[in-house]
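Below, each chain spelled out in residue letters.
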Amino acid sequence: MPLGPPHVAPTDSRSAVLVGRRAELAALRAAVAAPPSLVLVEGEAGVGKSRLVAELLATADLAGVRRLVGQCELLQEPLPLSPLLDAFRLAGPDLALSPPANPVVGALAPLLPEVAAHLPAPLPALSDQLAERHRVFRAAIALLEHLSPLVLVLEDVHWADGGTQDFLAFLATYQPRDLSVILTVRSGAGPLPVREAFARAPARSIRLAPLRPPEVAQLAGSILRADVPAAFATSLYEKTGGIPFVVEEVLRTLPEHLPAGEIPGRPDVLADLAVPTVLRDVLLHRLSALDHEAQEILRAAAVVGMTPDERILAEVTGRDPADIAGALAQAQAAGLLHEHDGGCRFRHRLAWQIVYESVATSSRRWLHLKTARALQSAAGPRPLAQLAHHFRHAGSAAEFVANAEAAADTALAHGNDATAARFLLQALQLGGPAGEVRVRLAVKLGKAAVDGLAQTQAVPILETLLATEPLPAHLRGELRFALGRLLRQHGAARAGYLQIEQAVPDLADRPGLLGRALAALAAPETVVDRHFSEHAVRCDQAEEAARRSGERGVHVAVRIARASLLLEQGDPASWRLIDELLRDDALRSAPREHARACLNWAQGALHIGQPRQAEALLAEGRRTADQAEYLRLAEVVELVAAAVDHALGRWKGLADRLRRLSGFHPAVPQPPHGTASHFAAASFDIRLLHGALLAATGPAEEATASLGDVVAVTERVGAVWPLISARTTLSRLLLTLGDAEGAASAATAALAGVRAKGNWVWGAESVLCLTDALDAVGRADEAGPLVDELGAGIGDADAPLAQAALLSARAVLLRARGAPQPADRLLVAAYTGLGEAGLRYQEATARERLGRWRCERDAADGGRMLEDALRSYGELGADRDVARICRTMRSHGVPIPYPWRGGRPSHGRVLSAREREVALLAANGRTNQEIAEELFLSRRTVESHVASVLRKLGCRSRRELPAMMPLPADGD
């Protein structure tokens, strides 16, 4: 039925009660009740994100808690933090009553003139823009802490500028303990940098879906204040898709045509309304109700923006201020605009979009151009982001590109690489610049994207430009170098390495860039099929290029690469070079380079078994990254911290940390086009750590899958690290599961990679695994030549892990040849070296091996050594190792001390009394039905207990239970 002329004034379309969001509101309340908390409220436009947050803020739970709300705008200038600053301005009365004492908060005073009187004195400006930004971030954290307990809400974060995104990443790391942060984010808005900002934080996501038909009926009934028949509710649902805002808007309009009481009985009233055009029809109807002059002004206002500046609008339309004010007042009365900060703003994004799209295309371009000209003529700093936006939509490509590039330059000057990359991407994707300009923009994009949040989008642009544009050699080389770095950051190790290799000849006349490219090629851990000797040659070539360039920074970069190359081989000279570099003013004056170098060296120290040196380098890298506000390194810092804790035996809570770091789930996503964009370089190490931890703590099946995933993906993308280590760890795990053949295969594959690289320091543990596997099947002597090759390969390397593995492998051979005492002496030297290095888990495994050997020949101290290893495993939480060593101790009559005598300490995996009863019966071969009858349980309950036992013990099937379950001790 066609809608008739309006004859009843519209009623309030907002429901008095929140419909269909009980679980989401409960989850939001729970999160806020347990600060610190980070919550993303996600959903499509109109689904009710802001309404949900408003309901939370109105609850009695928050009666005594401060609440600050900031709004992100669609168009943001490169300068960051505007939504946060808007929120701080609302705290003026609180700050007047309780001014903050922390002097660092004074860094915010110039940015908050409205409340500056209540803040500490402004701080002297810093010459380093990055340091200034970092201080502002610290000041914001300090002010949030001062205002806590606090609920901070930032709306529409999908529109947040790059600086705000970086601050959110900073906040995720340094969040005050009494602060809850709620962000509303529109889904379907494309890649969201906030996801990268919070990817490694314990953030909770609350997703709002459209309402279901019964909930649409409830919402309609609440708005219409009447019972809604099923027929009307079904039709309303079909026409609105269950989007609460669209439901409300439809019901807001219907009373204009029918009395509210009649609407529920007239589902035909919805017949002419189609989804999604229903809202367009409603709002265009309101637009058409305005007089002609008001319509023209409102359409121009939509082109100007969501919150149109009345002065700019007057200049664009040529109307006087009184006409502008009258037109905006009409639009506000019609529900198209609402009051906002003393001015007018479109009531919502959809209203703005519908009015904007009602402008004819030719008129729209003309209005954008006039808006850009008006902004250009305005006093004050040029609003580069807005100018770029308007010139882009005006079709003025050259002016759009110029302003986008200028905006990118401004963002880079503020250390905001992410925003710069996004502007440059727009210019390259949409502006269509050609020739020299396009190349210049691409070069800037390559630099910005390395540390920005636009790497995925930048890669195809650089690839296309290299494939299609006739470039001079030096620019082609620079672009290839940038592309190679981006690919390597995404885990595409070999593809990135090859790009940088191809860049080298083109950079012959640019020794500075050539030196950096060659230094990158000198890194041995990034690619599988380049020998260490090749990396050494690249390092020599890099030194020559650095000398030719005369650039101190290039010389430092090459020395960093030299130190890393030596460190990975266990060369003691590496530590002397690292000490020199850490005292070098040239490195200290480049904080990003300094932080990256420390973290790379820390990882190298872990590779060779020097966790204490790694911890010291980590501390230096973390401090430098924090001071430089180098947020892109936050994930690497946490990864290295986790790796150091794993090496030093600080395992409590480590599994949860690794899951948070990786967003862990059992399956590894397949990387597109041969890259690993969803499984980037850092993720390799995270997954390896998780697999190694599970190999000791269980369940074994999950550990096997995790390590297998690392092997599969790193092999596919050509990343040598952690491919060798993952295969070695998998080999050791398979040995503990009794699969000597599988262990030998994994170790052999690892050794193939070691030979290809030519660094036996990386292969020592693989040699030990293969030796153990051969020994398990009575063929230990076959490993003799390999162990000799290992000894020759590592020599006197300062690499505790490799040296201990060599000693242990030699001990296995001596024992197999009937020389137990010399074998014992080698093992004592192995576990002593491991203990001195701080490698607690490896020390415990060496002690266990020695204790077992001594027990086998009835030596007096064998039991004591097994008990020492058992206690170490127990302190670590290495449950699978505890179960194994308990079996060994029982088989040799060694008493098992409490608490392991009747079960296993397990950090939440200890068997309950009932589970232990079930496990013992199952280990004795009883079926589930037999166990149920004996214990007077249901069969389903027994099945549940058996499943829990298998999970806790890390068993893949009940066939493993006899070996895993310690029998009751006499007298128990």
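Here the focus is helix H46 (residues 939–953). End to end, H46 covers 21 Å across 15 residues, agreeing with the expected 21 Å (1.5 Å per residue, within 8%). By the burial criterion, the buried members of H46 are Val942, His945, Val946, Ser948, Val949, Leu950, Lys952 and Leu953.

Moving on to the packing of aromatic side chains. For the coordinates displayed, the defined rule picks out eight aromatic pairs. Ring geometry for Phe137 versus Phe167: centroids 5.3 Å apart, planes at 85°, classification edge-to-face. Taken as a pair, Phe137 in helix H5 (residues 129–147) and Phe167 in helix H6 (residues 162–173) lie far apart in primary sequence, 30 residues in all. Pair check on accessibility: Phe137 and Phe167 agree, each one buried. Grouped by ring-pair contacts, the aromatic residues Phe137, Phe167, Phe170 and Tyr174 constitute a single cluster. Taking the ring centre of Phe481 as reference, the NZ or CZ of Arg485 above it sits at 5.8 Å.

So, about the pattern of salt bridges. The tally for this structure, following the rule as stated, stands at 55 salt bridges. Between Asp645 and Arg657 there is a salt bridge, with the nearest N and O atoms lying 2.8 Å from each other. Taken together, the residues span a long stretch of sequence, with Asp645 in helix H31 (residues 634–647) and Arg657 in helix H32 (residues 654–662) at a distance of 12 residues. Salt bridges sharing common partners tie together Asp824, Glu843, Arg847, Arg854, Arg857, Asp861, Arg864 and Asp868.

Moving on, we get to the environment of Arg538. One can find Arg538 in helix H25 (residues 532–549). Spatially, the C-alpha atom of Arg538 lies 9.3 Å from that of Ala517, the residues being 21 residues apart in sequence. Residues contacting Arg538, with those up to four places away along its chain left out, are Glu501, Val504, Leu518, Leu521 and Ala522.

Turning our attention to unusual backbone geometry. Cis rather than trans, the peptide bond between Pro35 and Pro36 has omega equal to 0°. Residue Trp721 is joined to Pro722 through a cis peptide bond whose omega torsion reads 15°. Structurally, Pro722 can be placed in helix H35 (residues 720–736). The residue Asp156 is not glycine, and still its phi comes out positive at about 55°. Counting through the fold element by element, Asp156 comes out in the loop between strand E3 (150–155) and H6. On the basis of relative accessible area, Asp156 is assigned to the buried category, the value being 15%. You will see that Asp858, though not glycine, has its phi angle at about 60°, which is positive. Its place among the elements puts Asp858 in the loop between helix H41 (840–856) and helix H42 (862–876). The exposed category is assigned to Asp858, whose relative accessible area is 70%.

Below, the discussion takes up the side chain of Ser574. Considering the arrangement of structural elements, one finds Ser574 in helix H27 (residues 573–582). Beyond its immediate sequence surroundings of up to four residues, Ser574 is in contact with Ala563, Leu566 and Leu567.

This part is about the environment of Ala385. You can see Ala385 is positioned in helix H17 (residues 384–394). Here the alpha-carbon distance between Ala385 and Glu405, two residues 20 residues apart in the chain, equals 9.8 Å.

One open sheet holds the five strands; their spatial order is E2-E3-E4-E1-E5, and the pairing between them is parallel. One side of each edge strand has no neighbouring strand; the edge strands of this open sheet are strand E2 (66–71) and strand E5 (204–207). Across the sheet, the mean angle separating the axes of adjacent strands is 20° when strand polarity is ignored. The pairing of E3 with strand E4 (residues 179–186) spans five bridges and is parallel. By the bridge assignment for E4, Leu152 is matched with Val181. Contacting E2 and E3, helix H3 (residues 82–89) runs over the sheet at an angle of about 140° to E2.

What counts and what doesn't
- Residues numbered from 1 in each chain as written.
- Predicted model: local features only at pLDDT ≥ 70, side-chain atom pairs only at ≥ 80, totals over all residues.
- Heavy atoms only, no water.
- Helix = DSSP H or I, 4+ residues; strand = E, 2+ residues; numbered from the N terminus.
- Expected span 1.5 Å × (residues − 1).
- Buried < 20%, exposed > 50% of the residue type's maximum accessible area, 1.4 Å probe, protein only.
- Phe/Tyr/Trp six-rings, centres within 6.5 Å; stacked < 30°, edge-to-face > 60°.
- Lys NZ or Arg CZ within 6 Å of the ring centre and 35° of its normal.
- Salt bridge = Lys/Arg side-chain N within 4 Å of Asp/Glu carboxyl O.
- Contact = heavy atoms within 4.5 Å.
- Pairing = 2+ DSSP bridges.
- Axes fitted to C-alpha atoms, helices over the stretch in contact; angles between N-to-C directions.

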